[in-house]
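Here are the chains, one letter per residue:
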Amino acid sequence: MSKRKDSYYLLSLGCSKNTVDSQSMAALLDQAGMRGTDYAGRAEVLIVNTCGFIESARQESIDALRELAAHKRPDQYLIAAGCLSQRFGHDLPGQIPQLDGVIGTRRWMDIVDLVRRLRDRKHPEPIYHLPDEAITVGMDERGVSRVAVQGPSAYLKIADGCRRPCAFCAIPAIKGTAVSRPVERILAEARQLRDQGVKELILIAQDTTDYGHDLGVKDGLAALLEQLVAAVPDVPWIRIMYAYPGYVTDHLIETMASHRQIVPYLDMPLQHADHRTLLRMRRPANVDWVQRTVAKMRSTIPNLAIRTTFIVGYPGETDEEFDTLLNFVREMQFDRVGCFTYSFEPGTPSADQPGQVEPSVMEDRRDRLMSIQQPISLARNQALIGRTLDVLVEGHAEATDENDQPTGQMISLARSYRDAPEIDGYVLVEGELPAGEIVPVRVTGAMVYDLVATPDLMPHTVIAPGTILGPQP
Ligand code: SF4
């Protein structure tokens, strides 16, 4: 019997929601008596949890599958899971002939059954498991948690799927409509994570502000947050990702402002700022609402950090529309901005829209937008020099000098409330602070995305997210 029997290698690609699905699949495989390995060569089952969102992500998934296929042995099974499988599953063996199984993101919970069917298989044909009935999240989680722990932080999935009509996005077709998870499951998982010593809960969904719409709960996200802070008062940080413009309500703003645990950080992808472009994108086009709501949030929530993302080069985007976006970026002074070039998505309404923009024009627009945003990001970071704020220590590294040469000095890699993991900046703190702890540091330097700091051994007060000591900006 091969020593690889009953072991699996799982590669997770794409977004944090996929990371949660990967950790849930791993939990089911472990419950079935299998064990994970970090070495593909030592595994019986090779799984890639793919991303199918945009072309570049799809290519990354196909490359990863091909890499594993190239070294696959006869006693190994190669499985493509996730969004690429859900969207183009039946085409994948044409590109990766060594594929044994294809399972869609909507049925991640059937991974153990697929492995069993592969072992019992009497023919070389791939086995497809791509039922596309609506996700029955919450009713079919097989008792596993919907979380992804990453050091002192954890992603906590509160819903899956999406019911928004964004013309460029394939997610609703891949995942189905938005389904909220039962509150009691979310609270139970938050308590489990607290007991594991997690310091930061990161609430994720395709659209967190739509939470509860299918549970008959008005303002479901605000209501959920109030239950979370009551259930786990000792989890220092709760962070909200993926808010949908138009659904950041006064109740949500007040809830964020009145609970120190809820870090004053909001990720709200806007995608554009010209109402004509937004209308073609089938996105909320009331830019005045955005300006008023951002002003209200900034006046209600002290030291709020706002992250947003934009798409440039959307079909039909004129120079004038793009200039509107640039002026908006100058005016709004966001803390964090991600900017993506439009990705042609077959099967989405945008694919048929006239005025597809040249890739070189898209890239030029992305670069011009970021050249406006970077000085803004730097200035907002520089405003923190001399101030003390809490940071969550994630790890350590050896410092390097201006020539990138190691200096022998150890630094701590940390994040403040202004930094979501994997997408925002770091706080680089001199010395080796205790990993997994939240400690006060004094900011001594600023870069476009990162801060430099020193431990603040004598902070005036025990600071909480949103409390910045020293003269206010
Ligand atoms: S809100 Fe729009 S962009 Fe986001 S997942 Fe839903 S359809 Fe896609």
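Let me sum up the structure you'll find in this document. (Residues numbered from 1 in each chain as written. Predicted model: local features only at pLDDT ≥ 70, side-chain atom pairs only at ≥ 80, totals over all residues. Heavy atoms only, no water.)

### As for the sheet that holds strand β12 (residues 237-240)
1) Next: Spatial ordering of the open sheet is given by β7-β8-β11-β12-β13-β14-β15, a layout of seven strands whose pairing is mixed. Strands with a single pairing partner mark the edges of an open sheet, and in this sheet they are β7 (147-150) and β15 (336-341). Across the sheet, the axes of successive neighbouring strands diverge by a mean angle of 15 degrees, strand direction being ignored.
2) Next: One ladder, built from four bridges, connects strand β11 (residues 200-204) with β12; its direction is parallel. By the bridge assignment, Ile-202 is partnered in β12 with Arg-239. (Pairing = 2+ DSSP bridges. Helix = DSSP H or I, 4+ residues; strand = E, 2+ residues; numbered from the N terminus. Axes fitted to C-alpha atoms, helices over the stretch in contact; angles between N-to-C directions.)

### Re the packing of helix α1 (residues 16-31) against helix α5 (residues 111-119)
1) Next: Contact geometry of α1 with α5 gives a least axis separation of 9 Å together with a crossing angle of 55 degrees. Taken together, the axis directions place α1 and α5 in an arrangement best described as oblique. Along the contact surface, α1 presents Met-25, Leu-28 and Leu-29, while α5 presents Ile-111, Val-112 and Val-115.
2) Next: Of the residues that constitute the contact of α1 with α5, the class distribution is six nonpolar, no polar and no charged. (Parallel < 35°, antiparallel > 145°, perpendicular 65-115°, else oblique. Contact = heavy atoms within 4.5 Å. Nonpolar A, V, L, I, M, F, W, Y, C, P; charged D, E, K, R; others polar.)

### A closer look at the pairing of β15
1) Next: Note that strand β14 (residues 305-312) and β15 share six bridges and pair parallel. In the strand pairing of β15, Arg-307 is matched with Arg-336.
2) Next: Following the backbone out of β14, through helix α12 (residues 319-332) and into the adjacent parallel β15, one traces a crossover that is right-handed. (Right-handed = clockwise from strand over helix to strand, strands pointing away.)

### Thoughts on the packing of aromatic side chains
1) Next: Per the stated rule, a full pass over the model turns up six aromatic pairs.
2) Next: Where Tyr-244 meets Tyr-247, the ring centres are 5.8 Å apart and the plane angle is 55 degrees; that geometry is what we call tilted.
3) Next: According to the relative accessible area criterion, Tyr-244 is buried, its value standing at 8%.
4) Next: Its relative accessible area of 37% is what places Tyr-247 among the partly exposed residues.
5) Next: A connected cluster of aromatic rings, assembled from ring pairs, spans Phe-168, Tyr-314 and Tyr-342.
6) Next: Over the aromatic face of Tyr-39 sits the side chain of Arg-42, whose NZ or CZ is 4.2 Å from the ring centroid.
7) Next: The side chain of Arg-164 reaches across the aromatic face of Tyr-247, ending 4.0 Å from its centre. (Phe/Tyr/Trp six-rings, centres within 6.5 Å; stacked < 30°, edge-to-face > 60°. Buried < 20%, exposed > 50% of the residue type's maximum accessible area, 1.4 Å probe, protein only. Lys NZ or Arg CZ within 6 Å of the ring centre and 35° of its normal.)

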